Amino acid sequence: MSTARKRSGRLSAAVLGAGLIGVDLAAKIMRSRSLDCRLVVARDDDTPGLRHAAGLGLPTATGGVQSLVDAPDPFDVVFDATNAVSHAEHAERLKPLGTMLIDLTPSKVGRMVVPTVNGTDALDHGDINMISCGGQASIPILHAIARQHRIDYVEVVTTAASPSVGRSTRLNLDEYIETTQDAVRDFTGVKDVKAILNVSPARPPATFRVAMSVLGEELTAESVRAVVATATEPVRAFASGFEVTACVVDDGKALIAIEVTSSGDRIPRYAGNLDIINSAALHVAELYTAAHLSTAGAVMS
């Protein structure tokens with residue numbers, strides 16, 4: 001990381017992938033006070049998202065990960081918004097550059113992070129995996145419940161509108177399910193976990209929602225609602241459209257429903273799936289940036 005970058009108070013960032021997730025992420029980075037989006041990369045000149053990024057005034061390239069490797073200065077932070085199969089290669093090629101890599105694909109290659117649960121792990125790992133939109137929406141709640149109650153079974157049903165599910169996500173549906181299940185197991189300690197993804201063709205498009213069914217012991221309406229309320233507020237600090245729409249407890253079973261709407265500036269309000277994972281990724285990047293700029297300031301003072 002150059003002294004000039006440290007003194008400017010912002011780290012250089014690039015977005016690898018110009019699909020639905022990548023373009024919304026680039027727009028969010030543009031509003032960040034600690035990150036400077038210096039490049040959006042795709043593989044094809046005709047990618048609509050790349051044209052949109054150029055229209056926002058952002059530099060673009062079409063060389064894929066090679067465009068990042070060939071850049072005159074290494075990027076401090078790279079967001080990988082491509083696909084799970086490609087991420088391992090991207091991680092290998094960018095590792096020698098010392099870049100912080102934040103993976104928005106369900107690859108399971110890097111350290112799985114949920115900001116309100118283990119966000120500080122981003123300070124110690126160079127490859128961070130954001131799991132999935134369903135994982136980011138459900139795990140803060142499930143982790144909190146599991147800390148207070150014995151849980152025997154968890155089911156997570158995610159519903160996203162078809163127009164908000166891009167090509168890369170559709171190619172990674174199996175990885176999405178497997179990674180979400182593994183992450184729920186890791187963050188809750190519950191072995192019996194099932195994840196389901198519904199891509200809804202409904203018109204008008206359905207708002208992104210996640211329904212969690214939890215079986216356990218000593219689950220009461222009072223205890224579960226208190227835990228859910230406490231876990232929700234930190235998420236809303238960076239994803240304001242995150243809202244609990246139902247919390248019902250009966251005879252050892254809890255049902256918690258979440259809806260997420262986007263800010264609506266670059267993507268439709270129903271596309272909360274894009275908003276939650278991108279907002280989480282940006283939050284992790286800003287935690288990393290704050291720590292590194294603070295360290296840099298201490299060294300130079």
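What you see is a predicted model, and the numbers here were worked out from it, not measured in a lab.

Reading the values: rules and limits
- Residues numbered from 1 in each chain as written.
- Predicted model: local features only at pLDDT ≥ 70, side-chain atom pairs only at ≥ 80, totals over all residues.
- Heavy atoms only, no water.
- Salt bridge = Lys/Arg side-chain N within 4 Å of Asp/Glu carboxyl O.
- Helix = DSSP H or I, 4+ residues; strand = E, 2+ residues; numbered from the N terminus.
- Buried < 20%, exposed > 50% of the residue type's maximum accessible area, 1.4 Å probe, protein only.
- UniProt positions renumbered as here; feature names shortened; annotations may be inferred.
- Contact = heavy atoms within 4.5 Å.
- Arc of directions from axis to C-beta.
- Polar contact = N/O pair within 3.5 Å; in protein donor to acceptor, adjacent residues only side chain to side chain.
- Pairing = 2+ DSSP bridges.
- Axes fitted to C-alpha atoms, helices over the stretch in contact; angles between N-to-C directions.

Here we come to the pattern of salt bridges. As a working rule, side chains carrying opposite charge can pair if their charged atoms are close by. Scanning the entire structure with this criterion turns up nine salt bridges. Its salt-bridge partner being Lys28, residue Asp24 comes within 2.8 Å of it at the nearest N-O pair. Of this pair, Asp24 and Lys28 both sit in helix α2 (residues 20-30), separated by four residues, roughly a single helical turn. Each member of the pair, Asp24 as well as Lys28, is classed as buried. With a closest N to O distance of 3.0 Å, Asp36 and Arg38 form a salt bridge. Several salt bridges share partner residues, and in doing so they unite Asp24, Lys28 and Asp275 into one network.

In this section: the UniProt feature "active site" (unreviewed entry) in the protein. Those residues carrying the UniProt feature "active site" (unreviewed entry) are Cys133 in this numbering. Structurally, the position occupied by Cys133 is in helix α7 (residues 133-148). You can call Cys133 buried: its relative accessible area is 11%. If we ignore the near neighbours within four places in the chain, the residues touching Cys133 are Tyr176, Phe208, Asn273, Ile276 and Ile277.

Those residues of helix α5 (residues 84-94) lying buried are Ala84, Ser86, His87, His90, Ala91 and Leu94. The buried residues of α5 all sit within an arc of 140° when viewed along its axis, so they share a single face. Opposite the packed face of α5, turned more than 90 degrees from it, sit the exposed residues Val85 and Glu92. Those residues of α5 that are buried lie in contact with β1 (11-16), α4 (65-69), β4 (77-80), β5 (100-103), β7 (127-129) and α9 (173-188). If you check the start of α5, you find a side-chain oxygen 3.2 Å away from the backbone N of Val85, and it comes from Asn83.

Attention shifts here to the sheet that holds strand β3 (residues 60-61). For sheets, the rule is that strands pair by backbone hydrogen bonds, running either parallel or antiparallel. Strands sit in the order β3-β2-β1-β4-β5-β7-β6 across an open sheet of seven strands; the sheet is parallel. Where the open sheet ends on each side, the last strands, each with one partner, are β3 and β6 (111-112). One ladder, built from four bridges, connects β1 with β4; its direction is parallel. Bridging across to β4, Val15 finds its partner in Phe79. Each of β1, β2 (35-41) and β4 is contacted by α2, which is oriented at about 165° to β1, the strand it contacts most.

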